[in-house]
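So the chains spell out like this:
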Amino acid sequence: MIVGIGSDLIDIRRIEKTLERFGERFTMRVFTEIERTKSDRRAMRAASYAKRFAAKEACSKALGSGIRMGVAWREMGVVNLRSGQPTMHLSGGARARLDALIPAGYAASIHLTMTDDHPLAQAFVVIEAVPEEVQREHQAALVAR
């Protein structure tokens, strides 16, 4: 069952200006180490950061909290599954908010898609509650591959 949906659209030029003005102060405040490492290696660095910023905004909307209610920027990070598919890793207050949304006997699955076409970057997040036994079967199938 779907328990949250969020989307965000951002102008990459806004992130370019923020990176120029605040640099590491901005990236250290908002992005996880994994996100910084990945984005700093990209030729289109600002676009990479913009997509991840949009993903955080979309995720906070799917959580129903925004960047408040105990949810902080670095508690939501874009990570990639072995397949390369992006998803969100949540910790701290963001994880607590997610856990509050998921009914007993269910596990959370966060679906994420990101794209950019200069000057815009976009992200879309769907948070799904999946019965725990279905989640275990899915995980076992992935390991068997």
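Since the structure is predicted, the reported quantities are computational estimates derived from the model, not experimental observations. For every chain, the first residue of the written sequence is number 1, and numbering continues from 1 onward in sequence order. Reporting in this predicted model follows two pLDDT cut-offs: at least 70 for local features of residues, and 80 or more for side-chain atom pairs to be given and counted; totals over whole chains, interfaces and linings ignore these cut-offs and use all residues. Calculated side-chain values reflect all of the structure's heavy atoms, with hydrogen atoms and water omitted.

Asker: Explain the side chain of K51 here, please?
Answerer: If you trace the backbone, K51 turns up in helix α4 (residues 45–63). Pairing of N or O atoms within 3.5 Å defines a polar contact, subject to two protein rules: one partner must be a possible hydrogen donor and the other a possible acceptor, and residues neighboring in sequence count only if both atoms are side-chain atoms. At a separation of 3.2 Å, a polar atom in the side chain of K51 contacts the side chain of D116. Whether two residues touch is decided by their heavy atoms; if any such pair falls within 4.5 Å, the residues are in contact. In this structure, K51 is in contact with M114, T115, D116, A121 and A123, ignoring residues within four places of it in sequence. Secondary structure elements are taken from DSSP: a helix is a run of H or I of four residues or more, a strand is a run of E of two residues or more, and numbering for both begins at the N terminus.

Asker: Help me understand the pairing of strand β5 (residues 120–131) in this model?
Answerer: Looking along a regular strand, one sees side chains alternate from face to face of the sheet. Strands are treated as partners if at least two bridges between them are detected by DSSP. Sheet topology note: the strand β1 (residues 2–11)/β5 ladder contains nine bridges and is antiparallel. By the bridge assignment for β5, S7 is matched with F124. Inspection of the sheet shows strand β4 (residues 106–117) paired to β5 by twelve bridges, in the antiparallel sense. Bridge pairing in β5 links S109 to E128.

Asker: It is not clear to me how the pattern of salt bridges should be interpreted in this structure. Could you clarify?
Answerer: Where side chains of opposite charge bring their charged atoms close, a pairing between them can arise. The salt bridge criterion pairs a side-chain nitrogen of Lys or Arg with a carboxyl oxygen of Asp or Glu, the two atoms within 4 Å. Applying the stated rule across the entire model yields six salt bridges. Its salt-bridge partner being R13, residue D11 comes within 2.7 Å of it at the nearest N-O pair. Buried residues are those whose accessible area, probed at 1.4 Å on protein chains only, stays under 20% of the maximum for their type, while exposed residues exceed 50% and partly exposed ones sit between those limits. Given a relative accessible area of 40%, R13 falls into the partly exposed group. Where D99 meets R95, a salt bridge forms, and the shortest distance between an N and an O atom there is 3.0 Å. Of this pair, D99 and R95 are both found in helix α5 (residues 92–101), four residues apart, which corresponds to roughly one turn of the helix.

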